[in-house]
Amino acid sequence: MKFLSFILVAVFLIFVYSCSEKKESRNRGGKANTEFSSSKDKELRSYNLKQKEKESGSRTPCDTIALRQYIIDNYPAGDYLVKFDRTYTYNVPKEAVLYYKKDGVQYIFAVIAKSKPGERFIETNNVTGYESSFINLDSTKLGTAFFFLTLFECSNDDFNVLWEAEVPIHGGFNSMKMKTWKYKRTPYIQLDYEAGIISGHRDYNFFLVDGIRKKPHLMETYVGIVHKRTMANVNDDRYPDYYEYLFVDSTSYIQVVDSIPFYWDSTKSLYVTKRSPRWFRYY
């Protein structure tokens with residue numbers, strides 16, 4: 001009887017495994033399914049963009065509609081121009097782009113989310129806002145987004161990518177602003193992300209230390225219940241620095257107990273501190 005029970009259990013497990021493999025195979029799709037979904041993705045986006053174009057009224061060269069069309073035509077399916085988070089319950093979010101003109105050249109900063117190859121295409125609604133910030137815990141079911149701050153130059157709807165800089169986070173996008181670092185008057189692009197895991201937000205600051213046409217320098221700041229990092233000028237060079245704060249988190253109180261200055265070491269391409277040679281950060 002024990003042997004018979006063992007045989008029945010083994011057969012049942014093989015059956016379950018076989019079914020799960022077939023289901024996974026169907027979910028992943030073969031080559032034909034992938035090509036079909038890719039073509040349908042671009043076809044649907046092109047159709048929606050045409051409707052948007054009809055409703056827009058007046059158009060200008062290098063406008064957001066033209067940029068969206070460029071991305072559809074030149075980027076793989078599953079890569080999208082991200083929209084800002086909703087500021088009010090019923091407002092219509094706008095695309096995450098900033099226009100900047102200098103020396104007669106039209107520049108466009110844009111946030112683009114790319115789908116991880118081999119996974120399902122992301123949906124822009126699933127990578128924007130507070131709820132999506134928890135996607136960092138497990139993003140596989142909704143696809144994994146890789147964010148890039150991208151700089152285009154444009155003339156008469158002819159776009160050219162100057163650089164793209166990856167943002168080291170997968171969800172929670174909120175907004176984008178252009179700011180100036182008060183210590184050195186250096187312009188930078190700040191990308192703000194909601195961060196539910198730390199009960200706060202993260203800012204990815206891209207500093208144009210070598211001019212607008214060169215890839216920027218990334219430095220992160222953040223604020224949470226027991227997390228904090230603030231911008232600073234530690235060693236008075238052209239790169240921004242920061243203070244990283246240490247907290248005591250007990251059942252009765254939360255208190256900052258120390259602040260550690262980090263500065264950019266160009267020879268190592270790392271943020272370091274004199275407190276310990278073993279402490280370093282990449283951004």
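Everything below is about the structure printed above this text.
Rules used in this analysis
Every chain's residues receive numbers from 1 upward, in the order its sequence appears when written. Thresholds applied to this predicted model are a pLDDT of at least 70 for local features of residues and 80 or more for the giving and counting of side-chain atom pairs; totals over whole chains, interfaces and linings are not thresholded and use all residues. With hydrogens and water set aside, each side-chain value is computed from the structure's full complement of heavy atoms. Note on conventions: DSSP H or I runs of at least 4 residues are helices, E runs of at least 2 residues are strands, and numbering of each starts at the N terminus. Each residue's exposure class comes from its accessible area (1.4 Å probe, protein chains only) as a fraction of the maximum for that residue type: buried when under 20%, exposed when over 50%, partly exposed otherwise. Whether two residues touch is decided by their heavy atoms; if any such pair falls within 4.5 Å, the residues are in contact. Here the accessible surface of atoms and residues is derived via Shrake-Rupley with a 1.4 Å probe, and residues count as covered only by protein chains that are part of the display. Here, the term disulfide refers to a pair of cysteine sulfur atoms separated by no more than 2.5 Å. Between rings of Phe, Tyr and Trp, where Trp is taken as its six-membered ring, a pair exists when centres lie within 6.5 Å; planes separated by under 30 degrees are stacked, by over 60 edge-to-face, and by other angles tilted.

Visitor: Break down the overall build of the protein for me, citing the residues and quoting the values.
Guide: Of the regular secondary structure elements, the protein holds three helices and 14 strands. Considering the protein as a whole, with its 283 residues, one finds that 39% of them fall into the buried category. Long-range pairs, those at least 24 residues apart, make up 49% of the contacts in the protein between residues at least 6 apart in sequence. With an accessible surface of roughly 17,100 Å², the protein has 54% of that area assigned to carbon and sulfur atoms.

Visitor: Tell me what's going on with the state of the cysteines, and back it up with residues and numbers.
Guide: For the coordinates displayed, the defined rule picks out one disulfide. A sulfur-sulfur distance of 2.0 Å marks the disulfide that ties Cys-62 to Cys-154. Handedness of the Cys-62-Cys-154 disulfide follows from its S-S torsion of about -85°: it is left-handed. Of this pair, Cys-62 sits in the loop between helix H2 (31-56) and helix H3 (64-74) while Cys-154 sits in strand E4 (residues 145-155); the two residues are 92 residues apart in sequence, bridging distant segments of the chain. When its relative accessible area of 4% is taken as the criterion, Cys-62 is described as buried. According to the relative accessible area criterion, Cys-154 is buried, its value standing at 9%.

Visitor: Which residues make up the packing of aromatic side chains, and what values go with them?
Guide: Under the defined criterion, the tally for this structure stands at 18 aromatic pairs. Between the aromatic rings of Phe-147 and Phe-173, the centroid separation amounts to 6.4 Å while the plane-to-plane angle is 25°, which identifies the pairing as stacked. Residue Phe-147 is located in strand E4, and its partner Phe-173 is located in strand E6 (residues 173-181); the two are separated by 26 residues in the primary sequence. Taking the relative accessible area as the measure of exposure, Phe-147 reaches 0% and is therefore buried.

Visitor: Can you lay out the environment of Met-178 for me, pointing to particular residues and giving the numbers?
Guide: Here Met-178 is to be found in strand E6. On a C-alpha basis, the gap between Met-178 and Phe-206 in space is 9.5 Å, while along the polypeptide they are 28 residues apart.

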